[in-house]
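Examining the three-dimensional arrangement
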Amino acid sequence: MPLAFALDPSVTPELRDSILELWVDVTNVGGAVGFVPPITLEAVRPELLRQFMAMEEQRSRLLVGFDEEGRVAATAFLTLNTHRLMTHWIWLYTVMVHPRHQGKGYGRDLLAAAERAARALPGVEAIRLTCRGGLGLEHFYGSCGYKEVGRVPGAIRVAPDDDRDDVVLLLSLT
């Protein structure tokens, strides 16, 4: 069953809590979304609130995929560049699909929905994202049309003696 996507849904307490739970669940199964497991709701909450503040300031847009039961199954944040020389591309942050939905193609669906949303933004010509090396994520994004355009070796330290590359990917919309 395909996801139903909403761009800029109203952030109700239920949606907020669902995104928070999604973020924790994704992290705790090893997802590379800014934290390392084990993580708690309270540890993630400040980062989610920062994302909501960026939305309030119209610097970021929230994309949510809802499953057939109306539950949050996937999310991503499309973040505008505020630097005057870089407004022609956006960042894609915190790309997540709930673990219960892994393997259903929802990651591809989420990226396709993000691409559609980005194409509707005036003047946006590309989507840029980064991912943690060592998990094969760059291959997944590559299969979705993203091109690796940079790599910073050992830039992400997930644990002592466990440094990962910061992989930069770009999807051209032109």
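Calculation rules
- Residues numbered from 1 in each chain as written.
- Predicted model: local features only at pLDDT ≥ 70, side-chain atom pairs only at ≥ 80, totals over all residues.
- Heavy atoms only, no water.
- Helix = DSSP H or I, 4+ residues; strand = E, 2+ residues; numbered from the N terminus.
- Rg over C-alpha atoms; globule rule 2.2 N^0.38 Å.
- Buried < 20%, exposed > 50% of the residue type's maximum accessible area, 1.4 Å probe, protein only.
- Areas by Shrake-Rupley, 256 points an atom, 1.4 Å probe, with all protein chains shown as cover.
- Lys, Arg positive; Asp, Glu negative; His and termini not counted.
- Charge placed at Lys NZ, Arg CZ, Asp CG, Glu CD.
- Polar contact = N/O pair within 3.5 Å; in protein donor to acceptor, adjacent residues only side chain to side chain.
- Contact = heavy atoms within 4.5 Å.
- Salt bridge = Lys/Arg side-chain N within 4 Å of Asp/Glu carboxyl O.

1. Some thoughts on the overall build of the chain
Helix and strand counts for the chain stand at 4 helices and 7 strands. Along the chain, helices and strands appear, N-terminal first, in the series β-α-α-β-β-β-α-β-α-β-β. Relative to the compact-globule value of 16 Å for 174 residues, the chain shows a C-alpha radius of gyration of 16 Å, a close match. Structurally, the chain occupies a C-alpha span of about 45 × 35 × 30 Å along its principal axes. By the burial criterion, 41% of the 174 residues in the chain qualify as buried. For the chain, the accessible area works out to roughly 9,200 Å², and carbon and sulfur atoms hold 53% of it. Taken as two groups, the 18 positive and 22 negative side-chain charges of the chain have centres that lie 4 Å from each other.

2. Some thoughts on the side chain of serine 60
Inspection of the secondary structure assignment puts serine 60 in strand β2 (residues 60-66). Its relative accessible area of 4% is what places serine 60 among the buried residues. At a separation of 3.5 Å, a polar atom in the side chain of serine 60 contacts the main-chain carbonyl oxygen of leucine 78. Side-chain polar atoms of serine 60 contact the side chain of threonine 79, separated by 3.2 Å. Ignoring any residue separated from it by four or fewer positions in sequence, one finds serine 60 in contact with Gln51, Ala54, Met55, Phe77, Leu78 and Thr79.

3. Some words on the pattern of salt bridges
Tallying each qualifying case throughout the model produces 14 salt bridges. Of the charged contacts, one joins arginine 16 and aspartate 17 as a salt bridge, the two residues approaching to 3.1 Å between their closest N and O atoms. Aspartate 17 sits in the partly exposed class, given a relative accessible area of 30%. When the shortest N-O distance is used, the salt bridge between arginine 50 and glutamate 47 registers 3.0 Å. Here the residue arginine 50 and the residue glutamate 47 both occupy positions in helix α2 (residues 41-56), the gap between them amounting to 3 residues, near one helical turn. Accessibility expressed as a relative area gives 25% for glutamate 47, which makes it partly exposed. Salt bridges here are not isolated pairs; linked through shared partners, they connect Asp67, Glu69, Arg71 and Arg100.

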